[in-house]
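Structure assessment
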Amino acid sequence: QVQLVESGGGLVQAGGCLRVSCAVSGRTFSSDTMGWFRQAAGKEREFVAAISWSGRRTWYADSVKGRFTISRDNAKNTVYLQMNSLKPEDTAVYYCAAGPDIINIMGSSEYEYWGQGTQVTVSS
């Protein structure tokens, strides 16, 4: 059974930082593209960042570019999202997702496996 388990969310003041993690089990993690998406209350889920199976390629939404960094440790089957200079508009439930052979990196429907999400709240 494939499981993606996020952790590390919480409450932080604007300008602060958080790192969320996603541990993957039940699957050959090292062959998947990994992504982070987020969904704020009353809004649609949106792409945040993604990383290729090798870690050599990364992609970011314009809204987080320069502030967030995605990384992965294939030996630990874990992907990370380091979030710096957080803003109140970053408040959302953050989900990690995984899938092989993804063409549209920003398309949530391309990712086959999803975690349950972790809440990130940024206070002003």
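Along every chain, residues carry numbers that run from 1 in the direction the sequence is written. Residue-level local features of this predicted model are given only where pLDDT is at least 70; pairs of side-chain atoms are given and counted only at 80 or more, and the full residue set underlies all totals for whole chains, interfaces and linings. Side-chain metrics rest on all non-hydrogen atoms present in the structure, leaving aside hydrogens and water.

Points about the state of the cysteines
- For this text, the term disulfide refers to a pair of cysteine sulfurs within 2.5 Å. Tallying each qualifying case throughout the model produces 1 disulfide.
- Free cysteine Cys17: the closest other cysteine sulfur is in Cys22, separated by 20 Å.

A look at the environment of Asp90
- With respect to the helices and strands, the residue Asp90 is situated in the loop between strand S8 (78-83) and strand S9 (92-99).
- Look at Asp90 and you get buried, because its relative accessible area is 0%.
- Sequence-wise, Asp90 and Ala14 are 76 residues apart; in three dimensions their C-alpha atoms are separated by 9.4 Å.
- Note on definitions: a residue-residue contact is assigned when non-hydrogen atoms from the two residues lie within 4.5 Å. Ignoring sequence-local partners within four residues, the contact set of Asp90 consists of Arg38, Arg67, Phe68, Ser85, Val120 and Val122.
- Within 3.5 Å is the distance limit for a polar contact, defined as a pair of N or O atoms, with the added protein rule that one can donate a hydrogen and the other accept it, and that residues adjacent in sequence qualify only through two side-chain atoms. Among the polar contacts listed, one links the side chain of Asp90 to the side chain of Arg38, at a separation of 2.9 Å. A run of H or I in DSSP becomes a helix once it reaches four residues, and a run of E becomes a strand once it reaches two; helices and strands are each numbered from the N terminus. Burial here depends on accessible area, computed with a 1.4 Å probe over protein chains only, as a share of the maximum for the residue type. Under 20% is buried, over 50% is exposed, and the range in between is partly exposed.

Considering the sheet that holds strand S3 (residues 18-25)
- Only when DSSP finds a minimum of two bridges between them are two strands counted as paired. Read from one edge of the open sheet, 4 strands run S1-S3-S8-S7, paired in antiparallel fashion. A strand with exactly one partner marks an edge of an open sheet, and here the two such strands are strand S1 (3-7) and strand S7 (68-73). Ignoring strand direction, the axes of neighbouring strands in this sheet form an average angle of 15 degrees.
- Where S3 and S8 come together, 6 bridges link them in antiparallel fashion. Bridge pairing in S8 links Ser21 to Tyr80. Lines are fitted to the C-alpha atoms to define the axes, a helix being fitted only along its stretch in contact, and any angle between axes, read from their N-to-C directions, falls within 0 to 180 degrees.

These figures capture arrangement, not role.
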